[in-house]
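# What the coordinates show
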Amino acid sequence: MHVRCPDRLPEELYRQVLELLAELSPVVQALPPTAALVELKGALRYHGTDARRLGEVLRVRTLSRLGVDVRVGIGPSITIAATASGQIDAPGGVLAVAPDQVADWLGPLPVEALHGIGPRQAAVLRDYGIHCVGLLAALPAETVQRLLGGRAGRQAADRARGIDPRPVIPRTLPAAATVRRAFDRHVLDGADARAALLDLVVRLGLLLRRRGQVARALTLTLKFAGGTSWEKTRRLPEPSAHDDDLRALAYQLMDAAGLQRGRLTALALRGDDLVDADQAAEQISLDGAREARLVAEAAIDRVRDKFGPGVIGPATVFRRAS
């Protein structure tokens, strides 16, 4: 089962969709930012129903519990399921392709509809008159390899025939976490921009600690008036979810942007290459001041859990006193 959520779905809602998927099957692979794979073999026996019925149950649950409609593709392989979900018109629906229907169903589809075929590959194939999946499947694999390259050609030839041995690899948490801030007006003041960035650092750190994850890298995205944007990624010296570590790297990223009089409209801070906190080694610190800040951070997190995330935080992120 391949599930597509609406574009730009908030991350918290996406995580809740993943939790609903886990109610259907224990084998769920998150495909951030808005998709997921589900292995149904064992789930069908457990629930005593067919795959299409499970897809319909999922759609009803996401709509009734979360207000989110999803597109559900079901097939004998990842390629077929993902291609099927891509053929469903928004906002949602269920399309199941049985194993004995694969060839007849794939054949008439435009070549760019096949999951894994990008725009450039589709353009190359169309230049040679290969405009549908059926024609691609009829070509010898060696010919497709000459057109698209070795590995890409082999994959395209196999997937056009419905061959895709990849398993669903369980991964219940997305590999990245993003927090955003949009401004009501254009921001020119560097101090205001840095205060907004600090707010994102605090929110991201809290999100990671609640998940029990740490980030190995940060990505800062700046959006400017006129629609232009700037993005840069740097790795942390050590995986961390602590505000001190995230803030230091986030400020370095902001400095690297070299802002002068740029009119900012939005900021986004993303924690990349996330791993579970218990999988990351932690150096013993001899810095008493840092240890005190970490103790204070844990206490502040408990206050936020009890009274809300906005009840306490760095003074800089709050409105300046008049």
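The following refers to the structure shown. Computed from a predicted structure; not experimentally measured.

## A few points about the nonpolar core
With 30 residues, the main nonpolar core has L204, L208, L222, L264, L267 and L269 as its most contacted residues. Put simply, the parts of the chain that give this core at least two residues each are β6 (177-187), α10 (190-211), β7 (213-224), α11 (243-257) and β9 (264-272). With 7 residues, the top contributor of residues to this core is α10. When neighbours within four sequence positions are excluded, L204 is seen to be in contact with A177, V179, L218, L246, L269, R270 and G271. The next biggest cluster of nonpolar side chains, apart from the first, holds 25 residues, and it includes V3, Y14, L40 and V72.

## Section: the sheet that holds strand β3 (residues 35-38)
Judged by pairing direction, the sheet is mixed, and its 5 strands sit side by side in the order β2-β3-β1-β4-β5 without closing on themselves. The two strands at the open ends of the sheet, each matched to only one other strand, are β2 (28-31) and β5 (93-96). The sheet shows a mean angle of 15° between the axes of neighbouring strands, direction not considered. By the bridge criterion, 3 bridges tie strand β1 (residues 2-4) to β3 in an arrangement that is antiparallel. By the bridge assignment, H2 is partnered in β3 with L37. Across the sheet, helix α1 (residues 11-24) lies against β1, β2 and β3, angled at about 160° from β2, the strand it touches most.

## Comments concerning the side chain of S85
With respect to the secondary-structure elements, S85 resides in helix α4 (residues 78-86). S85 gets classed as buried once you look at its relative accessible area, which sits at 0%. Here A82 takes part through its backbone oxygen, which lies 2.9 Å from a polar atom of the side chain of S85. Other than its neighbours up to four places away in sequence, S85 contacts H2, R4, R71, V72 and G73.

Scoring rules and cut-offs
Residues numbered from 1 in each chain as written. Predicted model: local features only at pLDDT ≥ 70, side-chain atom pairs only at ≥ 80, totals over all residues. Heavy atoms only, no water. Core = buried A, V, L, I, M, F, W, Y, C linked by side-chain atoms within 4.5 Å. Buried < 20%, exposed > 50% of the residue type's maximum accessible area, 1.4 Å probe, protein only. Helix = DSSP H or I, 4+ residues; strand = E, 2+ residues; numbered from the N terminus. Contact = heavy atoms within 4.5 Å. Pairing = 2+ DSSP bridges. Axes fitted to C-alpha atoms, helices over the stretch in contact; angles between N-to-C directions. Polar contact = N/O pair within 3.5 Å; in protein donor to acceptor, adjacent residues only side chain to side chain.

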